[in-house]
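# Remarks on the overall topology
So the chains spell out like this:
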Amino acid sequence: MDSASSQPEFDYLFKLLLIGDSGVGKSSLLLRFTSDSFEDLSPTIGVDFKVKMVTMGCKRLKLAIWDTAGQERFRTLTSSYYRGAQGVIMVYDVTRRDTFTNLSDVWAKEIDLYSTNQDCIKMLVGNKVDKESERVVTKKEGIDFARQYGCLFLECSAKTRVNVEQCFEELVLKILDTPSLLAEGSSGLKKNIFKQKPPAAADASTSSCC
Amino acid sequence: MASSIARGGEDEGEDEEFEGFDDFTIASSWERFISEIEAVCRLWLFDGPKNLVDKGAECLDHPKNLYKVKSELKYGGKDYCLEFYFMINKDGQATEWVDNLHNIQQSFGVNEFLVIAPLSASGVVLDSPESSKLLSAVAIALSNCGSNWPAFVPVHDPSRKAYIGIQSTGTIFTRRFDADRIGSQVPVRLMHMEGLYELFVAKFASFDYPMNYFKVSFGMKLTYRTPPFDDDEEDVLENVEAEVKESEEVNDGYDRIKVQWDDDCPWAEWYSAEDPIKGFELITIWPRNTCESSMEMAELENASSFDAEKWSLYPLISPNMIDDSDGKFIGFASQLRLLVGALERSFDAKFLEDFVSAENIGSDNSNPAVVIPPPTVRDRVLKELFHDGAQISSSLDLESKNSRAIKGAPLESLFAQFCLQSLWFGNCNVRAIATLWIEFVREVRWCWEESQPLPRMPSDLDIDLSSCLIHQKLHLLAICIKKKNLLNHENHTSVEITGQSSDDKGLAEFDRNEILDLPQNESMVDEFDSDSPDSEGTTGNLTVDAECAVASPDAHKSCPIRKGSSGIVGNMMLLHSFQKMHAPYTQDAPVMTEDMHEERLHAAEVCGDAFSTSGQLERDILSSDMSAFKAANPDAVFEDFIRWHSPGDWESEEIEDRSTGNKEDPDQCNWPPRGKLSQRMSEHGNSWRKIWNDSPALPASEQKPLFDPIREGEKVLHYLETLQPHHLLEQMVCSAFKVSADTLNQTSFGNLQLMKTKLNQLYITLASSLRPLRANRTHDKYELIGDLRRLCLVFENIEKLLIFVSSLHRKLRDAPRLTEAIFNDYFNYYLPKMGNSSASICFDKKFSNKQQVSMLERDVVANLFPPPTANQSWRKVLSMGNLLNGHEPILREIIFSVAHRVGDCHYGSNIPWTHTEEIETHRMYIRGTSNDLQVALSVTSWD
């Protein structure tokens, strides 16, 4: 963005993507995370986009979070949003089994197909745990799925705020742990250092910002 | 003495000789010489092999584990060099036919030995008194130290490889050695086993023993070499290649007589590689056996090679395979290196035209580095690109996931082929590339203007964003051309349309979208009528009538004609009228290339964070869908649209099994469908409902197109025509690396896991090294070019390995185990080069790992020796026997030995024979070809 200026306002810019069936609460999760509120939202048309600045350890991070529409009709366009994403959050609704099964039938495949980033971190999120009585997808099933696809896993509720913060936090920490993703997300100034020696990148950045 | 030795070990023994021999005044120079030798030998003896190695003994690569130390001595005004050869880590006793033995070891059956030779040009002692004097000096010195090392002196002229030698065995026996060689005109007698046997027997039978009293034991090793695979070709290979490039069209007229070995390899389309395997050497080793007469020996010449105890095989590798010097290897790697050079130069100019125009950038056509091939060549290349085999096979499946990680064009695609052609266009300099590109774009524009389909481009609507931008743009253009064609067709002809859409399956959906508008509307009414019987099945006329009765009047009331329906949606009924829901034809979402997507995302980012800022494009699409839906279902309400478009937002109050069991159910039961919109859809101010209210009922065909093919097509051409040189070259480099690897990856080499792994590693390396090129950022040019050059070297190593493996595979196809074993050996041999990607290292070691051939594989290996044709056998004079499929061995080695019981009788007592031991008294090593014979004899005696 403003990498031209000598002192960028952030150390890393990460692009995250929310995907999953329509109505599982992607936009609500995002709203809860970015402005800590909860309201009934109109279904997303196509795509929505939010930015949040967070600080982790001593690193200032700019998170650009893309919220996509779950409707099938928009899926052809969605493909472009996968590009360059360092993290993808797959959301399902614990009270609707079809939203869970669609993750493996549809969404996981989309990631494989469109993600340009082989190391991109995937995260599985079961939303709406506040409706415990209506739950049909057990936590164990979620864990099994996550293990199979190599994702992080968390259950949360955008409505009650449970685990929402943690969900994004864990994803970002994992990205910070992955040198190749870190290299991509680093702001303009440090680009060259990372390009040369990816393993040393983490050290270089720690020393420079602390 | 012991103490002095101990000290000598520490300080090179400078003062040792003074302690051991304190009186030199009366010693002759010869005695001093002996004492010098003795001192050196004591030192070596004391150190032992391990310390000597630590002190920097020279390792002789060729015979494995053999080391050498040397010391220079003076005697009689001449300089001599005393060398001690020793083995380290020698396990057990030397077997007879160990690989890679030193000539002396092999000849005389010794392990460690001393050689004393004058430091002269020839390195041999020409004078025979001198040689025996030298040898005695060493022998005396050695016996003084109590060492049993054999010592040798080279004699005669060097080409004879003649030695004399002596060894004390620690008993009363002494071994004497003698070797010589006949370099030409070998007597016929000595070319045959019989004669050689007699030669050996004559060494001892004449004096001491009666002929029949002994049994000669012998072992034999025969080495065969396959006839060259590409006999005369290798000499003219380079010339042929050059010719082929220049005048292929002319050449095509003739049938080339010779077929290159790699004609059916995937790279053969682009270049012909020298066969890395020049041939094989097969070594057959015969078990030790005894022989009592020369007749027996003569018969052995006719024995089948299959009777040999052991077969081992190794390939003869072309020296070019390990030669790194520039220009030695022509392949993808060499051309990629040129392309990287072109990339480096591409930064020099802003426009591609600058490289072409004569007055610019030192474009002196006499400089071979910047020569542009003549127009005829250029035209041929363009013709191949645009007119030969125009359609692309869907090769996406062929590409490995690793390959897709490289941002390039798919192998068969137009741009990929352009890159490959460029690699071989002239010498791939930037001017040549610029010329070709400008013509290429001109050709592309012609296709656009004339509405000709772009060759080698896929026709589907999914632009692969992981490919390079130029490929995406060309793909978009191909789509635009198609859409443009359909628009034209629509305007001019309306009759052929149905025919066309049915025979092009891939286009079916697309065609209908664009074409099936007005003419279709008439038939839509029929379809509408015929719908019901189709889906109703056997329910009978009553229902049909009922439905029509209810539906038709309704339909006519609000909107007379249903437009743009693609058929009914299952059994879904509209909410407010007793009609089936029709799915509309919708407009395709606009096709976009990567940069267009990026622009959109960027715009969204700039527009910022404001809540519910959804893309305008998506709104347009939604609105278009709504309009189409309204047109297809004139009586539909917003809820109906949601039920079709976003079923998740319709909360049905009917039982779950409705959707599964509805085939049999009469429709009336389902009407009106009960349910409600989800909370979020029904909220006040819902943006979806707003859009619904604003969308007119219009079938897709009458809507303003979401995508304007004319405009987009022109934009693509603008992009291609104004592409900056380094942007072009960057994408070419990526694509060229990718498709070169893809091409090589198609090579068949059996199931060699190691090679597969290496190829995958290559892809991964390529992907990560080329990544800096994909980001549209400015990068450090010098660093980048350096990285790319190193990448070329990595590529070359893999390419060479692959060519090797391909050659090996086709020669030993039926012996996969052997293939794999040889390849693994070769890989390990080649490995030191791979690690060193920055500079070529000196690599003079010859590949000579031998692999044992199992019994089952012998047939395959024997087939490497095709029986000679009549012509060949006429040419060759066969003189040695021991033929394998009619091929004479290139080398026959025989070791004869005879053992004799020796007892104390020689001391004069009469102890019975049983208490005696058997020692090898005579040993003869013979190494012969049809015009070369080397004989080494060692005799143990008790004089």
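The rules behind the values
- Residues numbered from 1 in each chain as written.
- Chains lettered and ligands numbered in written order.
- Predicted model: local features only at pLDDT ≥ 70, side-chain atom pairs only at ≥ 80, totals over all residues.
- Heavy atoms only, no water.
- Salt bridge = Lys/Arg side-chain N within 4 Å of Asp/Glu carboxyl O.
- Helix = DSSP H or I, 4+ residues; strand = E, 2+ residues; numbered from the N terminus.
- Buried < 20%, exposed > 50% of the residue type's maximum accessible area, 1.4 Å probe, protein only.
- Axes fitted to C-alpha atoms, helices over the stretch in contact; angles between N-to-C directions.
- Parallel < 35°, antiparallel > 145°, perpendicular 65-115°, else oblique.
- Left-handed = near helix turned anticlockwise from the far one by under 90°.
- Contact = heavy atoms within 4.5 Å.
- Nonpolar A, V, L, I, M, F, W, Y, C, P; charged D, E, K, R; others polar.
- Buried area = accessible area lost by both parts, 1.4 Å probe.
- Polar contact = N/O pair within 3.5 Å; in protein donor to acceptor, adjacent residues only side chain to side chain.
- Pairing = 2+ DSSP bridges.
- pLDDT = per-residue confidence, 0-100.

## A few points about the pattern of salt bridges
Residues and elements named next belong to chain B. Counted according to the given criterion, the structure contains 46 salt bridges over all chains. A salt bridge links E893 to R927; its shortest N-O distance comes to 3.5 Å. Here the residue E893 occupies a position in strand β16 (residues 891-902), and R927 occupies one in strand β17 (residues 917-929), the gap between them amounting to 34 residues. Judged by relative accessible area, E893 falls into the buried class, the value being 3%. A cluster of three or more residues bridged by salt bridges with shared partners is formed by R445, E449, E714 and E721.

## A look at the packing of helix α12 (residues 375-387) of chain B against helix α14 (residues 414-423) of chain B
Residue and element names in this part refer to chain B. Close contact between α12 and α14 brings their axes to 10 Å; oriented N to C, the two are set at 155 degrees. Judged by the inter-axis angle, α12 sits roughly antiparallel to α14. Both α12 and α14 take part in a crossing whose hand is right-handed. Contacts between α12 and α14 involve V381, E384, L385 and F386 from the first element and L414, Q417, F418 and Q421 from the second. Looking at the contact of α12 with α14, its residues break down into 5 nonpolar, 2 polar and 1 charged.

## Here's the deal with the interface of chain A and chain B
Put simply, an interface is often sized by how much accessible area is lost when its parts join up. Across the boundary between the two partners, chain A contributes 35 residues, which contact 45 residues of chain B. Summing both sides of the interface, chain A and chain B together bury roughly 3600 Å²; the carbon and sulfur share of this comes to 53%. On the surface where chain A and chain B come into contact, there are 0 salt bridges. Seen at the junction of chain A and chain B, the total is 3 residue pairs in polar contact (both at pLDDT 80 or more). When contributions to the side of chain A that touches chain B are tallied by element, the ones reaching two or more residues are β2 (47-56), α2 (75-78), α3 (97-114) and α7 (191-196) of chain A. With 5 residues, β2(A) is the largest single contributor of residues to the side of chain A that touches chain B. Taken together, the residues of the side of chain A that touches chain B break down into 13 nonpolar, 11 polar and 11 charged.

## Overview of the environment of P696(B)
Residues and elements named next belong to chain B. Tracing the backbone through its elements, the reader meets P696 in the loop between α26 (687-694) and α27 (709-721). With relative accessibility at 45%, the residue P696 sits in the partly exposed group. P696 sits 102 residues away from I798 along the chain, and the two C-alpha atoms are 62 Å apart.

## Some remarks on the sheet that holds strand β3 (residues 59-68) of chain A
Residue and element names in this part refer to chain A. With mixed pairing, the 6 strands of this open sheet are ordered in space as β2-β3-β1-β4-β5-β6. The open sheet terminates on both sides in strands that have one partner only, identified here as β2 and β6 (152-155). Averaged over all neighbouring strand pairs, the angle between strand axes comes to 20 degrees, with direction disregarded. In terms of strand pairing, strand β5 (residues 121-127) meets β6 through 4 bridges, oriented parallel. Note that in β6 the partner of G126 across the bridge is E155. Packed on one face of the sheet, helix α1 (residues 26-35) meets β1 (12-19), β2, β3, β4 (87-93) and β5 and runs near 155 degrees to β3.

## Side note on unusual backbone geometry
Even without a glycine there, the phi angle at R161(A) is positive, about 80 degrees. With respect to the secondary-structure elements, R161(A) resides in the loop between β6 and α5 (164-176). Even without being glycine, K161(B) reaches a positive phi, approximately 50 degrees. By the secondary structure assignment, K161(B) is in the loop between β5 (151-155) and β6 (162-168).

## Brief notes about the confidence of the model for chain B
Residues and elements named next belong to chain B. Taken as a whole, chain B shows an average pLDDT of 76; of its residues, 73% reach a score of 70 or greater. Across residues 231-257, where pLDDT falls below 50, the model places 22 contacts with residues more than four positions away in sequence or in other chains. Across residues 494-559, confidence stays below pLDDT 50; counting only partners more than four residues off in sequence or on other chains, it has 65 contacts. Interface scoring of the predicted complex returns ipTM 0.76; its pTM is 0.75.

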